[in-house]
Amino acid sequence: MKKTFPGGVHPLPSQHQGKPLTNDKAIRPFVSDVVCIPMNMHIAAAPSKPIVKKGDHVLMGQLIAEAVGPRGVPVHASVSGTVKDIGMVQQLGKTTSQCITIENDFNDEWVELKGLGNVENCDADQIIPAIQAAGIIGMGGAGFPTHFKLQVPPEKKVDTIILNGAECETFLNADHRLMLEQPVRVVDGLRAAMRAAHVERGYIAIEDNKKDAIAAIESAAKGRKGVQVVTLKAKYPQGAEKQIIKAVTHREVPSGGLPADAGCIVLNVGTAAAIADAVIDGKPLVERVTTVTGRVREPDNLLLRVGTIFLDAIGACGGYTVEEPGKIIAGGTMTGICAPNDTVSMTKTTNGIVVLDQQEATSLDESSCIRCGRCVEVCPMHLDPYRLKNLCDANQLKEAKDQHIMDCILCSSCSYICPARRWIMSSIKNARELIAQRGI
Amino acid sequence: MALHISTGPHLRAKADTQRLMLDVLIALCPATAASIYFYGIKAVLIILVSVAAAVLSEFVWQKLAHKPIRISDLSAAVTGLLLALNLPANVPLWIPLIGSVFAIIIVKQLFGGIGHNFLNPALAARAVLLTSWPSHMTKAYLPLRTLFGSAAATGVDTLASATPLLVPGTTEVRDLFFGNIPGAIGETCKLAILIGLVYLLVRRVISWEIPVVMVGTVALCSWAFGADPLKAVLSGGLLLGACFMATDYVTTPMLKLGHMIYAVGCGLMVALIRQFGNYPEGVTYAILLMNIVTPLLDRALKRKVYGEVKQHG
């Protein structure tokens, strides 16, 4: 039986969500001459602190920046070679980020790795430290430190881990290909996370538009303790944390709470694969699958080293098909972040690079709300987006807060569907920043 | 390289306001064609004057008020066409002219333009015309020709006593369905209206709830009052109103539950006015009344927000 949540949209139906461009492209490794690795790829903790200097020779997987604070995440060299520079570089964020640039010597010489071995037999108490040491963060896009997510206080009574293989975002197939080609890594990662968090139940939830991935994961999960595959209806935002919890467990995360308050931990399937590598082989997170698609000559699913420059990845896919790209998006077209230029780096969280042409990128003129009710119908949180938009535009922030503006998950479904082309989600996002600033 | 930067969503759904309004116009094509078939050049002139007056008055208003010109969203054209289809064939042409100007300027623009009017402009204009010039507005004329007709009378400018609502027993269902009856030019041919409804549903411009529940309520009430429910449904402006005017986005509630209550209210009012009122036909006033209730429904009906904890509720 297909599980789902109420509301949501089927984006870009005429293009099948943009997925056919790459859904049959096998993962292809690509390594560039140089990587530029940001120190702030994660959220919820201070940027990592570089421990190498310019001119140092580093091996692949070598620690190059240490974690700061208990939630902090270390960073490792994703190529072997020479540290060329440590400095501030414009990345995807609003401000510049400290980055370590390494010139690749193409020897792919690894540091010595020491894993814990089989995920079923290893010391369960060693799993979380191994995950932390490997620098693993949420690879679905948010970048929350995974070791911290798995350390749930016992009073929260977490009994379920959900692996998020929904991949409901448009254009992306990175998770799809990973599940299809490396299902055992994904299941191993789930089992390691279950043992680490002392959880008996593990679900791998996948949308029904990825039948081949479901079959691959099902056969890999056969006989694995407590692991179950769940088929989800293909719908956006099926992979949003709160919606996937609702779909799989029928529980709701209380307003303002965390998944743990609903007894759940949600991990992306890519994160699970990284956990498997970290636990079994002691391998740090230095590469990931990224879908490079849109207005590029040969859209593909690339296995990229962390810190690969966008332009290099796009070049590996034959370059742009347009003279002047209009937009370059890190992620899908619903919630992806716009790159300020094509020399920014992909990070541990970059699941896709989508290039749009000028026409696609041109902002649409906002017109008056015609009260069609589509935003209300699609809102997966059951908010009244049209009303929130009006309150935001009128700067009535207190009222907006009373109307649950803080519960919005910024999924963009309302803006996507709005026939008046209103920037509903943008207004909500801005208003929330003001609410936080002013302490309303 | 100058890249565009914005938040998501970076690509939008195809249907914009203009496309939705165009779909409504397309859905009204069968009814428009039927009105011309039945009433000839008179229907053509009424439609032309009404649509032109609506679009032009919107243009002039936006120009004078220094607002962006948005007649290309086609909403004024929809208003003009709907008003025309709600008029009898022999009205003098200043009737659609005044009606359209009133609909656009007074009902729509004075309240802030598209999306801000609290009454359906075409219906509000029709109501004003009805009370101001009842002699022109309440006369119904027999069609020039019949469509799959029984022995229904036809004749140029033949004045029927009134709408068939007053003489329900004598008209055959077939004539009610195909439009071989007197009435407003666009409301008589139920076949044409239903084709338009199917188009709107297939294109997902509207959903089934409002037309089905409204018509169902009228049928149920008529049955309860001892009338023939099928004839009640096929009489007067009920189908045109239920499919094209009670479904107007701006003046209907936002939530599905609101749609249900609104549609039941519309149907109930139609049945009550028809049964007990002085007017033979109640669709216009029924919908206008429920338009006024819409903001109250929007305010009163709340969904449970995801994650709302009971003790806070």
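Residues numbered from 1 in each chain as written. Chains lettered and ligands numbered in written order. Predicted model: local features only at pLDDT ≥ 70, side-chain atom pairs only at ≥ 80, totals over all residues.

Engineer: What exactly am I supposed to notice about the overall build of chain A here?
Structural biologist: Broken down by element type, chain A carries 14 helices and 17 strands. For a compact globule of 440 residues, the expected C-alpha radius of gyration is about 22 Å, and chain A comes in at 21 Å, within 12% of that figure. Its C-alpha atoms give chain A principal-axis dimensions of roughly 60 × 50 × 45 Å. The burial tally for chain A puts 57% of its 440 residues in the buried class. Counting contacts in chain A only where the partners sit at least 6 residues apart, residues at least 24 apart contribute 72% of the total. (Helix = DSSP H or I, 4+ residues; strand = E, 2+ residues; numbered from the N terminus. Rg over C-alpha atoms; globule rule 2.2 N^0.38 Å. Buried ≥ 20, exposed ≤ 12 C-beta atoms within 10 Å, placed from the backbone. Contact = placed C-beta atoms within 7 Å.)

Engineer: Is there a simple way to think about the overall build of chain B in this case?
Structural biologist: Counting secondary structure elements, chain B contains 13 helices and 0 strands. Since a compact globule built from 313 residues should have a radius of gyration of about 20 Å, the 20 Å found for chain B is in line with a globular shape. Considering only C-alpha atoms, chain B reaches an extent of 70 × 50 × 35 Å along its principal axes. Counting every position in chain B, which comprises 313 residues, the buried fraction comes to 52%.

Engineer: Even after reading the chapter, I still don't get the confidence of the model for chain B, so can you show me in this structure?
Structural biologist: Segments scoring low in pLDDT should not have their predicted coordinates read at a detailed level. Looking at chain B as a whole, its pLDDT mean stands at 90, while 91% of the residues score no less than 70. Of the two predicted TM-score estimates for the complex, the pTM is 0.93 and the ipTM is 0.94. (pLDDT = per-residue confidence, 0-100.)

Engineer: What exactly am I supposed to notice about the sheet that holds strand β1 (residues 28-30) of chain A here?
Structural biologist: Within a sheet, adjacent strands bond to each other through the backbone by hydrogen bonds, running parallel or antiparallel. All names here are of chain A. Pairing is mixed in the open sheet, where 6 strands are placed in the order β1-β14-β13-β17-β15-β16. The open sheet has two edge strands with one neighbour each: β1 and β16 (337-338). As judged from the 3 bridges shared by β1 and strand β14 (residues 300-305), these two strands associate in the parallel manner. Following the sheet pairing, proline 29 is matched in β14 by leucine 303. (Pairing = 2+ DSSP bridges.)

Engineer: Looking at this structure, how should I read helix α11 (residues 238-245) of chain B?
Structural biologist: It helps to recall that an α-helix has 3.6 residues per turn; residues three or four apart then point in one direction. For α11 of chain B, the buried fraction is high: 8 of the 8 residues fall into the buried class. Turning to α11 of chain B, its buried residues are Leu238, Leu239, Leu240, Gly241, Ala242, Cys243, Phe244 and Met245 of chain B.

Engineer: For this particular structure, what's the right way to read the nonpolar core?
Structural biologist: The nonpolar side chains of a soluble globular protein tend to be buried with one another. Ranked by size, the top nonpolar core spans 147 residues in total, and within it Leu163, Val186, Ala193, Ile204, Ala205 and Ile217 of chain A carry the most contacts. Among the elements that line this core, the one with the most residues is helix α7 (residues 269-281) of chain A, at 9 residues. Both domains that meet at this core, namely domain 1 (13-24 + 115-281) and domain 2 (374-438) of chain A, each give it at least three residues. Beyond its immediate stretch of four places on either side in the chain, valine 186 of chain A contacts Leu163, Leu178, Met179, Ile204, Ile217, Val269, Ala272 and Ala273 of chain A. In this structure, Leu28, Leu87, Leu176 and Val283 of chain B belong to the second largest nonpolar core, which totals 89 residues. (Core = buried A, V, L, I, M, F, W, Y, C linked by C-beta atoms within 7 Å. Domains from an automatic or database assignment.)

Engineer: In this structure, what is going on with the packing of helix α5 (residues 121-132) of chain B against helix α13 (residues 283-300) of chain B? I would like to understand it.
Structural biologist: To describe two helices that pack against each other, one gives the angle between their axes and the distance between the axes. Residues and elements named next belong to chain B. Relative to each other, α5 and α13 sit at 130°, their axes nearing to 10 Å. For the element pair α5 / α13, the angle class is oblique. Handedness of the α5/α13 crossing: left-handed. Contacts from Leu123, Ala124, Arg126 and Ala127 in α5 reach Thr284, Tyr285, Ile287 and Leu288 in α13. Counted by class, the contact of α5 with α13 contains 6 nonpolar, 1 polar and 1 charged residues. (Axes fitted to C-alpha atoms, helices over the stretch in contact; angles between N-to-C directions. Parallel < 35°, antiparallel > 145°, perpendicular 65-115°, else oblique. Left-handed = near helix turned anticlockwise from the far one by under 90°. Nonpolar A, V, L, I, M, F, W, Y, C, P; charged D, E, K, R; others polar.)

Engineer: Would you take a moment to explain the sheet that holds strand β6 (residues 75-76) of chain A for this structure?
Structural biologist: Residues and elements named next belong to chain A. In spatial order, the strands read β3-β5-β6; together these 3 strands make up an open sheet with antiparallel pairing. For this open sheet the edge positions go to β3 (49-50) and β6, each flanked by a neighbour on one side alone. The pairing of strand β5 (residues 63-66) with β6 spans 2 bridges and is antiparallel. When the sheet's bridge partners are listed, alanine 65 is paired in β6 with valine 75.

Engineer: Can you walk me through the domain arrangement of chain A in this structure?
Structural biologist: Buried accessible area, meaning the area lost when the parts come together, often serves as the stated size of an interface. Residue and element names in this part refer to chain A. Split by domain assignment, chain A resolves into domain 1 (13-24 + 115-281) and domain 2 (374-438). Residue-level contacts link 6 residues of domain 1 with 5 residues of domain 2. Taken together, the residues of the side of domain 1 that touches domain 2 sort by class into 3 nonpolar, 2 polar and 1 charged.

Engineer: Can you help me understand helix α14 (residues 424-438) of chain A in this one?
Structural biologist: Residue and element names in this part refer to chain A. Helix length check: α14 (15 residues) gives 21 Å between terminal C-alpha atoms against 21 Å at 1.5 Å per residue, within 8%. Among all positions of α14, only Ile424, Met425, Ser427, Ile428 and Ala431 are buried. The buried residues of α14 occupy one face: seen down the axis, they fall within an arc of 155°. In α14, the exposed positions that point more than 90 degrees away from the buried face belong to Glu433, Ala436 and Gln437. (Expected span 1.5 Å × (residues − 1). Arc of directions from axis to C-beta.)

Engineer: Which parts of the structure should I look at to understand the environment of leucine 200 of chain B?
Structural biologist: All names here are of chain B. Within the secondary structure, leucine 200 sits in helix α8 (residues 190-202). Note on leucine 200: 22 C-beta atoms within 10 Å, which makes it buried. Spatially, the C-alpha atom of leucine 200 lies 9.3 Å from that of phenylalanine 244, the residues being 44 residues apart in sequence. Those residues in contact with leucine 200 that sit more than four places away from it in its chain are Asp23, Ala27, Val205 and Ile206.

Engineer: Which parts of the structure should I look at to understand the pairing of strand β15 (residues 327-330) of chain A?
Structural biologist: Along any regular strand, the residues point their side chains to alternate faces of the sheet. All names here are of chain A. Side-chain alternation along β15 places Lys327 and Ile329 on one buried face and Ile328 and Ala330 on a second face that is also buried. The pairing of β15 with β16 spans 2 bridges and is antiparallel. Paired with alanine 330 across the bridge in β16 is isoleucine 337.

Engineer: How do you make sense of the environment of leucine 81 of chain B when you look at a structure like this?
Structural biologist: Within the secondary structure, leucine 81 of chain B is located in helix α3 (residues 75-85). Not counting the four nearest positions on each side in its chain, leucine 81 of chain B is found in contact with Leu25, Leu28, Thr32, Ile47, Ser50 and Val51 of chain B.

Engineer: It is not clear to me how unusual backbone geometry should be interpreted in this structure. Could you clarify?
Structural biologist: Only a minority of non-glycine residues have a phi that is not negative, and only a minority of peptide bonds are not trans. Residue and element names in this part refer to chain A. Residue tyrosine 236 is joined to proline 237 through a cis peptide bond whose omega torsion reads -5°. Mapped onto the elements of the fold, proline 237 is located in the loop between β11 (227-232) and α6 (241-249). The backbone of histidine 198 shows a phi angle near 55°, a positive value even though the residue is not glycine. Looking at the secondary structure, you find histidine 198 in the loop between α4 (183-196) and β10 (201-207). Using a count of 12 C-beta atoms within 10 Å as the deciding quantity, one classes histidine 198 as exposed. Positive phi is not limited to glycine here, since histidine 250 has a value of about 65°. Looking at the element boundaries, histidine 250 is found in the loop between α6 and β12 (264-268).

Engineer: What am I meant to see in the packing of helix α3 (residues 174-181) of chain A against α7 of chain A here?
Structural biologist: Residues and elements named next belong to chain A. At a minimum axis distance of 9 Å, the contact between α3 and α7 shows a crossing angle of 45°. Of the possible angle classes, the one that applies to α3 and α7 is oblique. Taking contact as the criterion, the partners of Ala174, Asp175, Leu178 and Met179 in α3 are, on α7, Val269, Gly270 and Ala273. Its residues assigned to classes, the contact of α3 with α7 comprises 5 nonpolar, 1 polar and 1 charged.

Engineer: Got a minute to help me understand the pairing of β10 of chain A in this structure?
Structural biologist: Residues and elements named next belong to chain A. Burial analysis of β10 places 6 of its 7 residues in the buried class, which makes it a mostly covered element. When strand β9 (residues 160-165) meets β10, the two strands line up parallel, connected through 6 bridges. Looking at β10, one finds that isoleucine 162 is bridged to tyrosine 203. The sheet contact formed by β10 and β11 spans 6 bridges and is parallel. Considered in β11, the bridge of tyrosine 203 is made with glutamine 228. Viewed along the sheet, the connection from β10 through helix α5 (residues 211-221) into β11 turns out right-handed. (Right-handed = clockwise from strand over helix to strand, strands pointing away.)

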